[in-house]
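What the coordinates show
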Amino acid sequence: MEQNYQAHYPSHVADQQKRWERALEAEDFMAALVHSGSTIHSFLDDFEYAFRPNPHFLSWLPLTRHADSALLIVPGRKPVLFYYQPEDYWYLPPSDPEAWWAEHFEIEVIREPTLWQQRLKKDLPDADLKLGDVAAIGDSPMLGEVFDQKWINPQGLLTRIHLTRTHKTLYEIACMEASTRLAARAHVEAERAFQEGCSEYEIQLRYLAACQHTDAELPYHNIVALNSHSAVLHYQARDRVAPDHARSFLIDAGCTFHAYASDITRTYARQPGEFAELISAMDAMQRELTHQVCSGLDFKDLHLLTHRRIAELLESFKLINVSADQALVTGLSSVFYPHGLGHFLGLQTHDVAGLIDNDGHEIPRPEGHPFLRLTRKLETGNMLTIEPGLYFIEPLLRKWRTDHDANAINWNKVDELAPYGGIRIEDNVLVTEGGCENLTRKAFAEL
Ligand code: GLY
Ligand code: MN
Ligand code: MN
């Protein structure tokens, strides 16, 4: 795959233009105004929450820190970018547009955040274009000052645009390769910190230093979990003090490159032993599942196959006293593996359109699998995660003990391994013509 993402940008913008033109025409709009978003302040103070731009704006432009800019898309015309660049001395204003992306837009620098509104109202680029013909996309409160509510984020248009985002362009793939490489490097540094006996907080700092991200630039809050903390699926605390005995380490951490995310999980044991063997078995299983990724595969089937594989592992490691078949039928596998196998990945960690078909209709999740985020048949150009897990989650185990056949679980074995928390292994995978490409394994191998 070509590494030079900038070389692919012109065709990315051309694709974007075509995709939006088709969607606008199908939904009877003459144009779209895509707003980047506005900063949000804490109540009664001027503290700004971390700014996360509208992903539809980011799908056109690598402007991750640019609040209050807006893009006007009119079929057959070069898109107009209202580029907010205030003359400010409280905050550093955005720098001047860079040629590699700027040449694809007609740029109007605005010094006040509302100036795009005046331009739209008075001076649409086409004399025949009325505000009611323009769809507005975004969440800035400023959109409501100009547009009727029914023109803001119309569902039909959003659905069509979301579906286009399931097929990554070469530019997007190159950006995601870059964010994966950054994260792989930082994962290696985090593992080193774990082996040195660092606290969760210190490991997080080492991760950030290695990828040169701030916390706010990460695609999601890193999960940095020692010992039993890894049984909390979205563990968010970062203990400042290292545990006396660090047995295991689960890190679910990504990076961004021009807003495109990576989302990677690795699990480590400090010593050889049964938990380390379970990690190896999970790793082999995750590779086997990933090899099956190809165009036409129903992701629901792969998720259900994962439950079979987890049930087999539970049986072979004697964590359960029943057969794998029984663990599947009774739902026992979900006690140890309660989340979905994966999700689309892109400008959002959990990228859009995972649960609809190409006509925009919902594809329901299989019964008993409420957290699966991807129910589609895979297509070439999809980017997704493959992330099986196996955990010792006290509330789920307790619930099984009281509501189901308590003897189905080998409690001695579970009690032995529960202090290790759990295991997740997560890679980022591109569906290709011939099968798939595992960006994550490739990035680790090339370090
Ligand atoms: N890091 C969030 C997830 O894996 O879905
Ligand atoms: Mn994920
Ligand atoms: Mn993850």
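Cut-offs applied
Each chain has its residues counted from 1, running along the sequence as written. Chain A is the first chain written and ligand 1 is the first ligand written, with later ones labelled in order. Restriction of local features to residues with pLDDT of at least 70 applies here, the model being predicted, together with a cutoff of 80 or more for giving and counting side-chain atom pairs; totals for whole chains, interfaces and linings are based on all residues. Computation of side-chain values covers all heavy atoms of the structure but excludes hydrogens and water. To count as a disulfide, a pair of cysteine sulfur atoms needs to be within 2.5 Å. Buried residues are those whose accessible area, probed at 1.4 Å on protein chains only, stays under 20% of the maximum for their type, while exposed residues exceed 50% and partly exposed ones sit between those limits. The helix count covers DSSP runs of H or I at least four residues long, the strand count covers runs of E at least two residues long, and both are numbered beginning at the N terminus. DSSP-based pairing: two strands are paired if at least 2 bridges between them are found. Only N, O and S atoms count as donors, using a 2.8 Å cut-off from the metal and 3.2 Å for Na, K and Ca, and because water is excluded some sites may appear unfinished. Every angle between 85 and 135 degrees makes a four-donor site tetrahedral, while opposite donors more than 155 degrees apart, with all other angles between 65 and 115, make a four-donor site square planar and a six-donor site octahedral; other sites are irregular. Nearness is defined per residue: one heavy atom within 4 Å of the molecule or strand is enough. Polar contacts, as used here, are pairs of N or O atoms within 3.5 Å; protein pairs need one atom able to donate a hydrogen and one able to accept it. Residues neighboring in sequence count only if both atoms are side-chain atoms. What sets the accessible areas is the Shrake-Rupley method with a 1.4 Å probe; for residues, cover comes only from the shown protein chains. As a working rule, the residues Ala, Val, Leu, Ile, Met, Phe, Trp, Tyr, Cys and Pro are called nonpolar, Asp, Glu, Lys and Arg charged, and the rest polar, with Gly in that last group.

1. Quick word on the state of the cysteines
Within the structure shown, the criterion is met by 0 disulfides. No disulfide involves C436; its nearest neighbouring cysteine sulfur is the one of C294, lying 8.0 Å away.

2. Let's talk about the pairing of strand β5 (residues 134–137)
For a regular strand, the rule is simple: side chains alternate between the two faces of the sheet. Alternating positions in β5 separate into two faces, V134 and A136 on one and A135 and I137 on the other, with burial throughout. With 4 bridges connecting them, strand β1 (residues 31–35) and β5 associate as parallel partners. Bridge pairing in β5 places L33 opposite A136.

3. What about the coordination of the manganese ion (ligand 3)?
The protein atoms donating to the manganese ion (ligand 3) are D252 (OD), D252 (OD), D263 (OD) and E426 (OE), with metal-donor distances spanning 2.0 to 2.3 Å. For the manganese ion (ligand 3), the 6 donor atoms in the first shell make angles of 57 to 173° at the metal, a pattern classed as irregular.

4. Comments concerning the site of ligand 1
As a matter of local geometry, ligand 1 sits amid Y220, D252, D263, H343, H350, E387 and E426. One nitrogen or oxygen atom from the side chain of D252 is found 3.1 Å from a nitrogen atom belonging to ligand 1. Within the side chain of E387, one N or O atom sits 3.1 Å away from an oxygen atom of ligand 1. In isolation ligand 1 offers 190 Å² of accessible surface; the protein chains occlude 91% of this area. Its residues placed into classes, the shell around ligand 1 shows 1 nonpolar, 2 polar and 4 charged.

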